[in-house]
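Descriptive analysis of the structure
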Amino acid sequence: MRADRTDAPDRRAWWGVAAAMAAIAWGGNEFTPLLVMYESVHGLPGTVVDALLFAYVLGIVPALLIGGPLSDRFGRVRLMRPAPLVAALGSVILAVGADHVWLLVVGRVLSGVGLGLAMAVGSSWVKELSGAPWTPDASPTLGARRAAMSLTFGLGVGAAVAGVLAQWAPLQDSLAYLVNVVLCLAAAVWVWSAPETIEPGRAPRRIVDDLRIRAVAHRRFLRVVVPVAPWVFGSAAAAYAVLPTLMSDRVADVRIAYAAAVTLVTLASGFAVQSVARRIDVPDRARGSAVATVLLMAGMAVGGVAAHVLDPWLTLVAGAVLGAGYGMALVAGLAEVGRIAEPSELAGLTAVFYSLTYLGFGAPVVLSIIHGAVPAITYPILFAAGVVLAVVSLVAVLSDYRDPDAVVDDARGETTPSSRIPR
C-alpha cells in the first residue's frame, strides 16, 4: 500500500518534484556557456576548462547508480528532498570559486550529485505521481513526458539565461549561479510537500543485491546500447563545449552569449527530434540506434568543416545536427533498455545507461589533450576521427540490427522483445 494516500489526492502533487528537477538541471548546465568566460577572462587553460565540464560526471554517476536503489528501499522523499539543497550548495561554491580551480571542481561535483538524484529519483517520483491515485486517468507515458520536459527545460533555459547574464549583466562570474541558488531553495520548499509514493524499508533483499544489474550482460545491451550511449552527451559536448571555444575570436564581443546560443540550439534540436524518434524506433530491430549514428556521422562532419573554416553560423548548423543525433540516440537507448530489462531491473539498467551517456562529457578534455600533445592533430582532424568512430558504432549496431528472438504476435500486430519472452 502506498504511503500518504488520501481519499482525494492532489493532482498537482508532481509539480514540486518537477520544479526541483528543473532547478537542479538548470544549475547542472549553466556552467556550459561560461566555459569560454573561464578561458578568456580568468585565463584557465583549455584542458582545465574541459576537465571542469567533465568533473560533474564524478557526482552524477554515483548518484545515478546508488540513488535509484536507495530510493526504492528508503523512499523517494529521503533521497530527493536534499537534492536541490546539494545543487544550491554547488552553485554557491561555483559563484565564489571563479579564480580557484579546486572550488570549481567541488562545485561541479556537487551539481552532479544533485542532477544524478534528480534523474534517478526525481524521474521515478514524477512518474509515480503521474499515475493512480494522484492522476487516475493518466496515459502510460504521461509521467515519462513530464520528467523529460522538466529536465530538458532546466538544461536548456538554464544555459541560455546563464549566458545572457554573464555576457551583459553585472557580477559576470557569479550572478547566474546566485539565481540558481534562489531557484533551488524555492524548489526545496516546494518539493517538501510532495507525498511519498512507496513504503520505505519493505525491500526483502540486501542492498548490495539491489545494485547488481544482470541485464548489463544482455546481448542487445552490449551490441546496440553500449556502442551508442557515450555519443548521447559526447555529441552534445562536442557541439556546445568544443566548437564555441574555437569560434571565440570570430564572436569576440558576444562570445559568452554565442556559447549559450549554441547550447540552446543543440538541446532544442535534441528535444524536437524526440517525437519523431519514437516513430522511427521499432521493437524488433535497432533502427533508432542506426539512424542516430548516421545523424552523428553527419554532425561530426559538419562540425569538422565548421572547425576548419571557423564559421559561427555553420557551427550553429553543426549544433543542430549533433543535437538531433543526441536526441535520437537518447530515445533509442532508453527504448532498448525498456525492452531488455525486467521490471525489477528497469531502474538499475536505466541508471547504467545514463552513466554511460555521461561518459561522453569526457570527449572535450580528451580532444584538448590530444591537440595539446600533438598540435599537428587539429580539431578538424579530430572531428574527422569522430566520423570514423561513429561509423564503427554503426557497424556494431548493424551486427545485431534484428532481434532474432523477437516474436511477432500477428493477431495483435505487436512485437515481443526477446527479454520479455517467457522462458
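Residues numbered from 1 in each chain as written. Predicted model: local features only at pLDDT ≥ 70, side-chain atom pairs only at ≥ 80, totals over all residues. Heavy atoms only, no water.

The protein chain goes by Major Facilitator Superfamily protein in an unreviewed UniProt entry, where it is assigned to Williamsia serinedens. If you open the UniProt record of the protein chain and go to Subcellular location (unreviewed entry), you find "Cell membrane". (UniProt positions renumbered as here; feature names shortened; annotations may be inferred.)

Now for the pattern of salt bridges. If you walk through the whole model with that rule in mind, you get two salt bridges. A salt bridge links Arg76 to Glu128; the shortest N-O distance between them is 2.6 Å. With Arg76 in helix H5 (residues 76-80) and Glu128 in helix H7 (residues 101-129), the pair connects residues that are 52 residues apart, well separated along the chain. A relative accessible area of 16% means that Glu128 is categorised as buried. Two residues, Glu336 and Arg220, come together in a salt bridge whose shortest N-O distance is 3.1 Å. Linking Glu336 in helix H15 (residues 312-340) with Arg220 in helix H11 (residues 219-225), this pair joins segments that are 116 residues apart in sequence. By relative accessible area, Arg220 is classed as buried at 2%. (Salt bridge = Lys/Arg side-chain N within 4 Å of Asp/Glu carboxyl O. Helix = DSSP H or I, 4+ residues; strand = E, 2+ residues; numbered from the N terminus. Buried < 20%, exposed > 50% of the residue type's maximum accessible area, 1.4 Å probe, protein only.)

Along the chain, the position of Thr315 falls in helix H15. Thr315 sits 16 residues away from Gly299 along the chain, and the two C-alpha atoms are 10.0 Å apart. If we skip the residues at most four places from it in the chain, Thr315 touches Leu243, Met247, Tyr258, Val262 and Ala306. (Contact = heavy atoms within 4.5 Å.)

As a further point, take the nonpolar core. In this structure, Tyr38, Met80, Leu115, Tyr358 and Phe361 are the most contacted members of the largest nonpolar core, which totals 114 residues. Element by element, the count of residues in this core is highest for helix H12 (residues 229-246), at twelve residues. Residues in contact with Leu115, not counting those within four places in the same chain, are Ile24, Ala25, Tyr56, Ile60, Leu151 and Tyr358. (Core = buried A, V, L, I, M, F, W, Y, C linked by side-chain atoms within 4.5 Å.)

Moving on to the side chain of Thr197. Among the secondary structure elements, Thr197 is positioned in the loop between helix H9 (175-191) and helix H10 (207-210). Relative accessible area serves as the criterion here: at 1%, Thr197 is assigned to the buried category. Within the structure, Thr197 has its side chain in polar contact with the side chain of Glu128 (distance 2.4 Å). (Polar contact = N/O pair within 3.5 Å; in protein donor to acceptor, adjacent residues only side chain to side chain.)

Here the focus is the environment of Leu64. With respect to the helices, strands and loops of the structure, Leu64 is situated in helix H4 (residues 57-74). The exposure class of Leu64 is buried, given its relative accessible area of 1%. Taking the C-alpha atoms as reference, Leu64 lies 8.3 Å from Val121; in sequence the two are 57 residues apart. Excluding residues within four positions of it along the chain, Leu64 makes contact with Pro69, Gly116, Met119, Ala120, Ala351, Tyr354, Ser355 and Tyr358.

What follows concerns the packing of aromatic side chains. Within this structure, the stated rule accounts for nine aromatic pairs. Ring centres of Tyr56 and Tyr358 lie 6.2 Å apart, and the angle between their planes is 90 degrees; on these two criteria the pair is classed as edge-to-face. With Tyr56 in the loop between helix H3 (46-55) and H4 and Tyr358 in helix H16 (residues 346-358), this residue pair connects regions lying 302 residues apart in the sequence. Residue Tyr358 is classed as buried on the basis of its relative accessible area, which comes to 1%. Measuring from ring centre to ring centre gives 5.7 Å for Phe233 and Tyr326, while their planes differ by 45 degrees; the resulting arrangement is tilted. Of the two residues, Phe233 is situated in helix H12 and Tyr326 in helix H15; the sequence distance between them amounts to 93 residues. Judged by relative accessible area, Tyr326 falls into the buried class, the value being 5%. Through successive ring pairs, a cluster of aromatic residues spans Tyr56, Phe233, Tyr326, Tyr358 and Phe361. The aromatic ring of Trp15 is capped on one face by Arg12, whose charged end is 5.7 Å from the ring centroid. One cation-aromatic arrangement involves Arg108 over Tyr56; the distance from NZ or CZ to the ring centre is 4.1 Å. (Phe/Tyr/Trp six-rings, centres within 6.5 Å; stacked < 30°, edge-to-face > 60°. Lys NZ or Arg CZ within 6 Å of the ring centre and 35° of its normal.)

Helix length check: H9, at 17 residues, gives a terminal C-alpha distance of 24 Å against a target of 24 Å (1.5 Å per residue), a fit within 8%. Every buried residue belonging to H9 is among Ala176, Tyr177, Asn180, Val181, Cys184, Ala187, Ala188 and Val191, and all of these are buried. End-on, the buried residues of H9 take up no more than an arc of 140 degrees, which puts them together on one face. Residues of H9 that are exposed and point more than 90 degrees away from the buried face comprise Val182 and Val189. (Expected span 1.5 Å × (residues − 1). Arc of directions from axis to C-beta.)

Now for the confidence of the model for the protein chain. Looking at the protein chain, the pLDDT average stands at 84 and 87% of residues meet or exceed 70. Low pLDDT, under 50, characterises residues 1-6; the stretch is placed with twelve contacts to residues that sit more than four places away or in other chains. Contacts of residues 407-423 to residues separated by more than four positions or lying in other chains number 30 contacts, the stretch itself having pLDDT below 50. (pLDDT = per-residue confidence, 0-100.)

To continue, consider the side chain of Ser71. By secondary structure assignment, the location of Ser71 is in helix H4. The exposure class assigned to Ser71 is buried, which follows from its relative accessible area of 0%. Those residues within four positions of Ser71 in sequence are excluded, and the remaining contacts are Arg76, Leu79, Val121 and Ile198.

What follows is about a nonpolar patch on the surface. Together, Val164, Trp168 and Val254 line one region of the surface with nonpolar side chains, adding up to about 300 Å² of accessible area. Mapped onto the elements of the fold, Val254 is located in the loop between H12 and helix H13 (255-280). Judged by its relative accessible area of 34%, Val254 falls in the partly exposed class. (Patch = residues over 30% accessible without salt bridge, like charges linked within 9 Å, V, L, I, M, F, W, Y side chains within 5 Å. Areas by Shrake-Rupley, 256 points an atom, 1.4 Å probe, with all protein chains shown as cover.)

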